[in-house]
Amino acid sequence: MRLINILSCAVLLLPAAGAAIPADRAGEPSVTQSAAQVLHGQDMQKNAPSTEQKQEPSTTLYQVMGVVLFIWIGLAVFLFRLDRRVARLENRAQPKQ
Amino acid sequence: MKAISAAVKSVYILMPAAIVMAFLWAPPAQVLGDSSRIMYFHVPIAWVSILAFIVSGIASILFLADRKGSFARLDGIAYNSAEIGLVFTVLTVITGSIWARISWGVFWNWDPRETSIVIILLIYIAYFSIQGAMAHNDNRGRIGSAYLILAMITLPFFAFLVPRIYPSLHPDPIINADRTIFLDDRMRSTLAVAIVSFTVFYCYILHIMNRMMKLQNHIEENRHEAD
């Protein structure tokens, strides 16, 4: 149950990541369009990721990263505290074993 | 045990590093743009789900092969790993659907890869139903282990074969004309760091769950002794 709680938090970060993206890539061809290009034998080199793009990341990207990092910090704190409590219980159970 | 505890705690450094690399260091893919960044979460999550199911299958094999009962808790480890695998499979579906919405315009398209992951989900949901129904059965561990082995055998078929046999819109055949994954060095290293981070994250959760299971067994044994 705890695991489900932990990972349901992780779920929250993903719509945030997805929601911010369309604004950044307006006007780009969709994957369906690129699939059509594949089927019609167009040059696939165009689909290779660009290494020369030197655009500065948009503020939305920073915001999404902030949300993802914030959620990760929450998860990490939860895991750390859980780990410590389990260790404490293990220490308490050890002399009886 | 202490070495494992220390090693898995590296996730506290690895995961933030992976997140920062995914958003700031890796370049966007030319066609998919910034939406390609979800790859650094979707692919490692999918990898962890498969890894978790394989670990549960291997633990089940060892549990059934161990006639002397020296590894009695292996069925519990298999159960915990399958539980993590199920949650990560759901996360894979969610991240994939978000990506599909951005790329294809719809959350769900019944693409071969989407269909096969739904079948994998159903197979493992059935495992938890069986385990729940046999809560007081002495053969619960053995039956569950046998089921997990069978489930693991079906994995390569649904996860790797089906999406390659039938035409799919899933990015790996689409981005690349030669049907190989083309990523530049920065994207490749970011993906590698993300995969390592999520793998360590999985190990950490499994480690905590196994320790909790051990404690629970210890408490129950003490209670029986007291009775």
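Residues numbered from 1 in each chain as written. Chains lettered and ligands numbered in written order. Predicted model: local features only at pLDDT ≥ 70, side-chain atom pairs only at ≥ 80, totals over all residues.

**What about the overall build of chain B?**
Next, step 1: For chain B, the count of helices and strands is eight helices and zero strands.
Next, step 2: Judged by the C-alpha coordinates and their principal axes, chain B covers about 65 × 40 × 25 Å.
Next, step 3: A buried classification covers 44% of the 227 residues belonging to chain B.
Next, step 4: Excluding contacts between residues fewer than 6 apart, the proportion of contacts in chain B whose partners are at least 24 apart in sequence is 77%. (Helix = DSSP H or I, 4+ residues; strand = E, 2+ residues; numbered from the N terminus. Buried ≥ 20, exposed ≤ 12 C-beta atoms within 10 Å, placed from the backbone. Contact = placed C-beta atoms within 7 Å.)

**A few points about the overall build of chain A**
Next, step 1: Across its full length, chain A holds three helices and zero strands.
Next, step 2: Sequence-ordered secondary structure for chain A, helices as α and strands as β, is α-α-α.
Next, step 3: Expressed as a percentage of its 97 residues, the buried residues of chain A come to 14%.

**Focus: the confidence of the model for chain A**
Residue and element names in this part refer to chain A.
Next, step 1: Residues of chain A with pLDDT of at least 70 account for 38%, and the chain-wide mean is 63.
Next, step 2: For chain A, the element scoring lowest by mean pLDDT is helix α2 (residues 31-39), at 43; helix α3 (residues 59-93) scores highest, at 91.
Next, step 3: Every residue in residues 6-53 scores below 50 in pLDDT, and together they form 89 contacts with partners more than four places removed in sequence or on other chains. (pLDDT = per-residue confidence, 0-100.)

**Some words on the packing of helix α4 (residues 74-104) of chain B against helix α6 (residues 140-165) of chain B**
All names here are of chain B.
Next, step 1: One can describe the packing of α4 onto α6 by two numbers: an axis separation of 10 Å at closest approach and a directional angle of 50°. In terms of their interaxial angle, α4 and α6 are classed as oblique. In this structure, α4 crosses over α6, and the sense of that crossing is left-handed. Within the contact between the two elements, α4 uses Asp75, Ala78, Tyr79 and Ala82 and α6 uses Gly141, Gly144, Ser145 and Leu148.
Next, step 2: Residues belonging to the contact of α4 with α6 are distributed by class as follows: four nonpolar, three polar and one charged. (Axes fitted to C-alpha atoms, helices over the stretch in contact; angles between N-to-C directions. Parallel < 35°, antiparallel > 145°, perpendicular 65-115°, else oblique. Left-handed = near helix turned anticlockwise from the far one by under 90°. Nonpolar A, V, L, I, M, F, W, Y, C, P; charged D, E, K, R; others polar.)

**Side note on the nonpolar core**
Next, step 1: Counting residues in each nonpolar core, the largest one holds 63 residues, and the members touching the most others are B:Ala52, B:Ala82 and B:Tyr202.
Next, step 2: Listed by contribution, the elements that provide at least two residues to this core are α3 of chain A together with α2 (11-25), α3 (39-65), α4, α5 (112-133), α6 and α8 (185-226) of chain B.
Next, step 3: Considering each element in turn, this core owes the most residues, 15 residues, to α4(B). (Core = buried A, V, L, I, M, F, W, Y, C linked by C-beta atoms within 7 Å.)

**Some thoughts on the packing of α4(B) against α8(B)**
Residue and element names in this part refer to chain B.
Next, step 1: Their axes nearest at 10 Å, the elements α4 and α8 cross at an angle of 140°. One way to sum up the angle between α4 and α8 is to call them oblique. For the pair α4 and α8, the crossing hand works out as right-handed. Of the residues in α8, those touching α4 at Gly76, Ile77, Asn80, Ser81 and Ile84 are Tyr202, Ile205, Leu206, Met209, Asn210 and Met213.
Next, step 2: In terms of residue class, the contact of α4 with α8 is built from seven nonpolar, four polar and no charged.

**Details of α2(B)**
Next, step 1: All of the buried residues along α2(B) are B:Val11, B:Met15, B:Ala18, B:Ile19, B:Met21, B:Ala22 and B:Phe23.
Next, step 2: Taken together, the buried residues of α2(B) touch α3 of chain A together with α1 (2-8), α3 and α8 of chain B.

**Remarks on the environment of B:Pro163**
Next, step 1: With respect to the helices and strands, the residue B:Pro163 is situated in helix α6.
Next, step 2: We classify B:Pro163 as buried; it has 20 C-beta atoms within 10 Å.

**Considerations on the environment of B:Lys214**
Next, step 1: Tracing the sequence through the fold places B:Lys214 in helix α8.
Next, step 2: Residues B:Lys214 and B:Gly33, spaced 181 residues apart in sequence, show a C-alpha to C-alpha distance of 47 Å.

**Quick notes on the confidence of the model for chain B**
Residue and element names in this part refer to chain B.
Next, step 1: The share of residues in chain B with pLDDT of 70 or more is 93%, and the mean pLDDT across the chain is 86.
Next, step 2: Within chain B, the element-level pLDDT minimum falls on helix α7 (residues 171-175), averaging 53, and the maximum on α3, averaging 93.
Next, step 3: Confidence estimates for the predicted assembly give a pTM of 0.77 and an ipTM of 0.80.

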